[in-house]
Amino acid sequence: MSDMATIRELLEQGRSRLVGLDSAQLDAEVLLCHVLQSDRGLLYARPEKRIGTAQQSSYARLISARCTGTPVAYLTGKKEFWSIELRVDEHTLVPRPETECLVEAALEHIPQGQALCIADLGTGSGAIAIALAIERPACRLLASDISAEALAVASYNARSQAIDQIRFVKSNWFSHIDERFEIIVSNPPYVADSDPHLGGTGVRHEPASALRGGHDGLDAIRCIIEGAGGHLTKGGWLFLEHGFDQAKAVSDLFRAKHYINVATRKDYAGLDRVTYGQYTG
Ligand code: GLN
């Protein structure tokens, strides 16, 4: 890159290097803003602004990493979910917009002002637990993960939102959880081992333990549905995110364990994404 290139030139260089990605323009903008520590308004307001060589090199390094498939969120260290800015790193899945449907479905079953106990299993960055804690401040939450590194990120995120009603526990699903909850939510790993998506650049840098769900993708979901009976109050609800083609299998698993009012909710793309049911005790 030449000395003192302009914002316009840097964006053009970035976009052309990222040309294979649908989000090339956006990614170049987000990465340049990250380096400049500015918001995107600057890029449009001052396209002829000249940028020094140190910042150009940082930007070039980020563009190179993005070319190899590293998610933008890992490069900037943050991702927005439910209008909350969360820290993320390679120990946590990057929160996806479709997971907001899981939050919405759960919120519909948590009346405002009621002090319910809620568990978020496999919390990762803490996205779901923190969104629920913000929306329902009267509730107490337990957020678990098998990864100590992910729990450190999640508890940092809770602190930075001044949330103190979430307890973080290292647990392999229910292995280190004793109590019962009115609501259990989880976005577990659910991608089948044979799914070509796992080899794609989109998810290659994310933790396999947050994505891979065994031969049919349902290993973790089966484990959670099996275990939840011992951890839900009578009439409590279990909400699970799953793959677009898993709604029937997940609903069947719920019904086999005597859950009632089993229903599936679609995500913003119109795909089956969340199935939930009520435990009859
Ligand atoms: N929705 C994610 C993906 O397709 C998978 C998330 C998960 O397994 N929980 O990459």
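Before reading on, note that the structure itself is shown above.
Keep in mind it's a predicted model, so treat the numbers as computed, not measured. (Residues numbered from 1 in each chain as written. Predicted model: local features only at pLDDT ≥ 70, side-chain atom pairs only at ≥ 80, totals over all residues. Heavy atoms only, no water.)

**Considerations on the overall build of the protein**
Okay, so step 1: The secondary structure content of the protein amounts to ten helices and nine strands.
Okay, so step 2: At 21 Å, the protein has a C-alpha radius of gyration in line with the 19 Å of a compact globule built from 281 residues.
Okay, so step 3: Referenced to the eigenvectors of the C-alpha coordinate spread, the extents of the protein come out at roughly 70 × 40 × 30 Å.
Okay, so step 4: Per-residue burial over the protein gives 51% buried out of 281 residues.
Okay, so step 5: The long-range share in the protein, meaning contacts at least 24 apart out of those at least 6 apart in sequence, stands at 65%.
Okay, so step 6: Within the structure as shown, the protein displays about 12,900 Å² of accessible surface, and the carbon and sulfur contribution to it stands at 51%. (Helix = DSSP H or I, 4+ residues; strand = E, 2+ residues; numbered from the N terminus. Rg over C-alpha atoms; globule rule 2.2 N^0.38 Å. Buried < 20%, exposed > 50% of the residue type's maximum accessible area, 1.4 Å probe, protein only. Contact = heavy atoms within 4.5 Å. Areas by Shrake-Rupley, 256 points an atom, 1.4 Å probe, with all protein chains shown as cover.)

**Points about the site of the ligand**
Okay, so step 1: The local shell around the ligand consists of Leu 93, Arg 96, Glu 98, Asn 187, Pro 188, Pro 189, Tyr 190, Val 191, His 197, Val 203, Ala 210 and Leu 211.
Okay, so step 2: Between the ligand and the protein, one listed contact pairs a nitrogen atom with a side-chain N or O atom of Asn 187 at 2.7 Å.
Okay, so step 3: Contacts to the ligand include His 197, whose side-chain N or O atom sits 2.9 Å from an oxygen atom.
Okay, so step 4: The residue makeup of the shell around the ligand, split by class, is eight nonpolar, two polar and two charged. (Near = heavy atom within 4 Å. Polar contact = N/O pair within 3.5 Å; in protein donor to acceptor, adjacent residues only side chain to side chain. Nonpolar A, V, L, I, M, F, W, Y, C, P; charged D, E, K, R; others polar.)

**Concerning helix α6 (residues 99-107)**
Okay, so step 1: With respect to burial, α6 is a largely interior element, eight of its nine residues being buried.
Okay, so step 2: Burial in α6 covers these residues: Thr 99, Glu 100, Cys 101, Leu 102, Val 103, Ala 105, Ala 106 and Leu 107.
Okay, so step 3: Tucked inside the fold, the buried residues of α6 contact β1 (78-81), α7 (127-135), β6 (181-186), β7 (232-241), β8 (259-266) and β9 (272-279).

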